[in-house]
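Each chain is listed here by its residues.
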Amino acid sequence: MFGVWQPGEFHGARVVNEAGALTWNELHTSDVLGATAFYGEAFGIEIEPMEGADSYWELRIGGRTVGGATLLANDPPGTPAHWLTYFAVDDVDSTVDALVKRNGTVLVPPFDMMAGRMTVVADPQGAPFAMIKPTPL
């Protein structure tokens, strides 16, 4: 399930790619090529393998990377296809501590990977999302 909208006077997020803001959207699916064919036809999203990453693809619009796609094989068994939203933070570990004190749940403990230090968590209502301190470019 996902939603779409046509912008009127509000054109979307004014702040992105900085601490406290949206920084990445990632599709988790068992059929990357089928899913991206759908998103390509519906929204003009192109797909390319991400250099240096196995089983990971960049989603691009007009040559600009806007998100990623990965296989469900990396998720716990029984996880349905889904989109995972990433928010940038200044310090993943201290933000996880604050989240837990406010009744959030850690789904994947903080770890280092090629794009930075990240974690997957859920808010007190159970909505999952990721947090990342991106590696400086």
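Peer 1: With reference to specific residues and values, describe the pairing of strand β2 (residues 46-49).
Peer 2: Sheet analysis places β2 next to strand β3 (residues 56-61), joined by 4 bridges and oriented antiparallel. Considered in β3, the bridge of E48 is made with E58.

Peer 1: Talk me through the packing of aromatic side chains; I want residue IDs and the actual numbers.
Peer 2: This model, assessed by the stated rule, comprises 8 aromatic pairs. Here F2 and F43 contribute two aromatic rings whose centre-to-centre distance is 6.3 Å and whose plane-to-plane angle is 75 degrees, an arrangement assigned as edge-to-face. Within this pair, whereas F2 is found in the segment before β1 (22-29), its partner F43 is found in helix α1 (residues 32-43), the two being separated by 41 residues in sequence. The class of F2 is partly exposed, set by a relative accessible area of 40%. A network of ring pairs unites the aromatic residues F2, F38, Y39, F43 and W83 as a single cluster.

Peer 1: Give me the lowdown on unusual backbone geometry, citing residues and values where you can.
Peer 2: In this structure, S55 takes a positive phi of about 55 degrees despite not being glycine. The topology assignment puts S55 in the loop between β2 and β3. Note on S55: relative accessible area 36%, which makes it partly exposed.

Peer 1: Provide a residue-level description of the sheet that holds β2, including the pertinent values.
Peer 2: In spatial order, the strands read β2-β3-β4-β1-β5-β8-β7-β6; together these 8 strands make up an open sheet with mixed pairing. The two strands at the open ends of the sheet, each matched to only one other strand, are β2 and β6 (105-113). Within the sheet, the average angular offset between the axes of one strand and its neighbour, ignoring direction, is 25 degrees. Strand direction decides the pairing type here: strand β7 (residues 116-122) and strand β8 (residues 128-134), joined by 7 bridges, are antiparallel. Considered in β8, the bridge of V120 is made with A130. This element, α1, spans β1, β2, β3, β4 (64-71) and β5 (82-88) of the sheet and lies at about 125 degrees to β1. Helix α2 (residues 92-101) contacts β6, β7 and β8 of the sheet and is inclined by roughly 10 degrees relative to β7.

Peer 1: Got a sec to walk through the environment of V4? Specific residues and values, please.
Peer 2: Looking at the secondary structure, you find V4 in the segment before β1. Judged by its relative accessible area of 57%, V4 is exposed.

Peer 1: Let's hear about the environment of M113: which residues, and what values?
Peer 2: Mapping M113 onto the fold places it in strand β6. Overall, M113 belongs to the partly exposed group, its relative accessible area being 31%. The spatial distance from the C-alpha of M113 to the C-alpha of V4 is 31 Å, given a sequence separation of 109 residues. If near-sequence neighbours (up to four positions away) are discounted, M113 is found in contact with M118 and I132.

The rules we used
Residues numbered from 1 in each chain as written. Predicted model: local features only at pLDDT ≥ 70, side-chain atom pairs only at ≥ 80, totals over all residues. Heavy atoms only, no water. Pairing = 2+ DSSP bridges. Helix = DSSP H or I, 4+ residues; strand = E, 2+ residues; numbered from the N terminus. Phe/Tyr/Trp six-rings, centres within 6.5 Å; stacked < 30°, edge-to-face > 60°. Buried < 20%, exposed > 50% of the residue type's maximum accessible area, 1.4 Å probe, protein only. Axes fitted to C-alpha atoms, helices over the stretch in contact; angles between N-to-C directions. Contact = heavy atoms within 4.5 Å.

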